[in-house]
Amino acid sequence: GGLHPERLRLLRRLREAGPGVILSTSRPAHPATSLLGASGAADMVIAAEGSVLVDAARQEVLRTELIDPDHVLGIGLAIRTAEPSIGLQVERGMHAFCSHPRTPPPALDWLFAGGTPCDVQKLLQRPATRMLLHGRPRRLRSAVDALAGIPGMDGSVRLIDYAPDCIGIVGPSADRSVGLQRAESILGVPRYSTLVCVGRGDAHLLERWPRSCTWGGPAGPACSVTGEILPEDPSSDPVGFLLERLAPFRPPMPTE
């Protein structure tokens, strides 16, 4: 969803309380990192499903997980040959380039934000961190089925369903849990020592990170091994409540 001011305030309060903050998001690297870096709400951003790891303050890409250039070209040509009306956006780290025969629907503005229009041939010339496809659902699915015929494609990319009219494609090593391990290494903290607060769809992170919790309620994942945090009083300060409930899960601070 949208980066509501209250969410940014929550992240800033967490950083002020001591721990470093790493935010994982489906959003493209540039718009997400620009907002978070300017607000001081996060140290690092794992963007685009783990395909890009960015230092939020310096707006610097620290790590990318790539789709091979031959696959970028093969996917783009196969999609456009099968269905010319499909829109393409190619992300490369902090940059995004697009060719949209049809304008992306407003509901996907958060995902397609900031793409620079360019010629299709130029669009497909280099490796990519993520590709986004959009079009009418039936035509989009038919075009994606054509990818199965590309030599060497099996296991070389991963498909992500964002909506019936939008599919994302990332490299085989692009994963949020991999991104979090990279961030822990850069921060110099022990592997799997991060406190992970997850939402729906991210419960798989709890398999490796023992210190985990979720914001409860209808949108939270059902997982018996995680602590659930949910304010009983809807009028309570969510930031203060979250900090209070996070205390038992926070890893011990090193001592001299």
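Notes on the structure follow. What you see is a predicted model; the values in this text were computed from it and never measured.

1. Things to note about the overall build of the chain
When its secondary structure is counted, the chain shows 8 helices and 13 strands. Out of the 256 residues in the chain, the part that is buried amounts to 44%. Counting contacts in the chain only where the partners sit at least 6 residues apart, residues at least 24 apart contribute 54% of the total. Carbon and sulfur atoms make up 54% of the accessible area of the chain, which totals about 13100 Å².

2. Describing the environment of Arg-58
Within the element layout of this structure, Arg-58 appears in the loop between β3 (52–55) and β4 (60–64). For Arg-58, a relative accessible area of 55% gives the class exposed. C-alpha of Arg-58 to C-alpha of Met-44: the two residues are 14 residues apart in sequence and 9.7 Å apart in space.

3. Section: the sheet that holds β3
Strands sit in the order β1-β2-β3-β4 across an open sheet of 4 strands; the sheet is mixed. Looking at the sheet topology across the chains shown, the edges are occupied by β1 (22–24) and β4. The average undirected angle you get between the axes of adjacent strands in this sheet is 20 degrees. Sheet strands touched by helix α2 (residues 29–39): β1, β2 (44–47) and β3. Its angle to β3, the strand with the most contacts, is close to 25 degrees.

4. Observations concerning the packing of aromatic side chains
One pass over the full model with this rule turns up 2 aromatic pairs. With 6.4 Å between their ring centres and 85 degrees between their planes, Trp-110 and Tyr-162 make a pair best called edge-to-face. Taken together, the positions of Trp-110 in helix α4 (residues 109–112) and Tyr-162 in strand β9 (residues 158–163) put the pair 52 residues apart, joining distant regions of the chain. Where Tyr-192 meets Trp-209, the ring centres are 5.0 Å apart and the plane angle is 85 degrees; that geometry is what we call edge-to-face. Taken together, the positions of Tyr-192 in the loop between α7 (176–187) and β11 (196–198) and Trp-209 in the loop between β11 and β12 (212–215) put the pair 17 residues apart, joining distant regions of the chain.

5. Some remarks on the sheet that holds strand β6 (residues 95–99)
The 6 strands are arranged β7-β6-β5-β8-β10-β9 in an open sheet whose pairing can be described as mixed. Single-partner strands in this sheet number two, and they are β7 (116–117) and β9. Sheet topology places β9 next to strand β10 (residues 166–170); 5 bridges connect them, and they run antiparallel. Looking at β10, one finds that Asp-161 is bridged to Ile-167. Relative to the sheet, helix α6 (residues 137–145) contacts β8 (130–134), β9 and β10, its axis offset from that of β10 by approximately 25 degrees.

Cut-off values and rules
Residues numbered from 1 in each chain as written. Predicted model: local features only at pLDDT ≥ 70, side-chain atom pairs only at ≥ 80, totals over all residues. Heavy atoms only, no water. Helix = DSSP H or I, 4+ residues; strand = E, 2+ residues; numbered from the N terminus. Buried < 20%, exposed > 50% of the residue type's maximum accessible area, 1.4 Å probe, protein only. Contact = heavy atoms within 4.5 Å. Areas by Shrake-Rupley, 256 points an atom, 1.4 Å probe, with all protein chains shown as cover. Pairing = 2+ DSSP bridges. Axes fitted to C-alpha atoms, helices over the stretch in contact; angles between N-to-C directions. Phe/Tyr/Trp six-rings, centres within 6.5 Å; stacked < 30°, edge-to-face > 60°.

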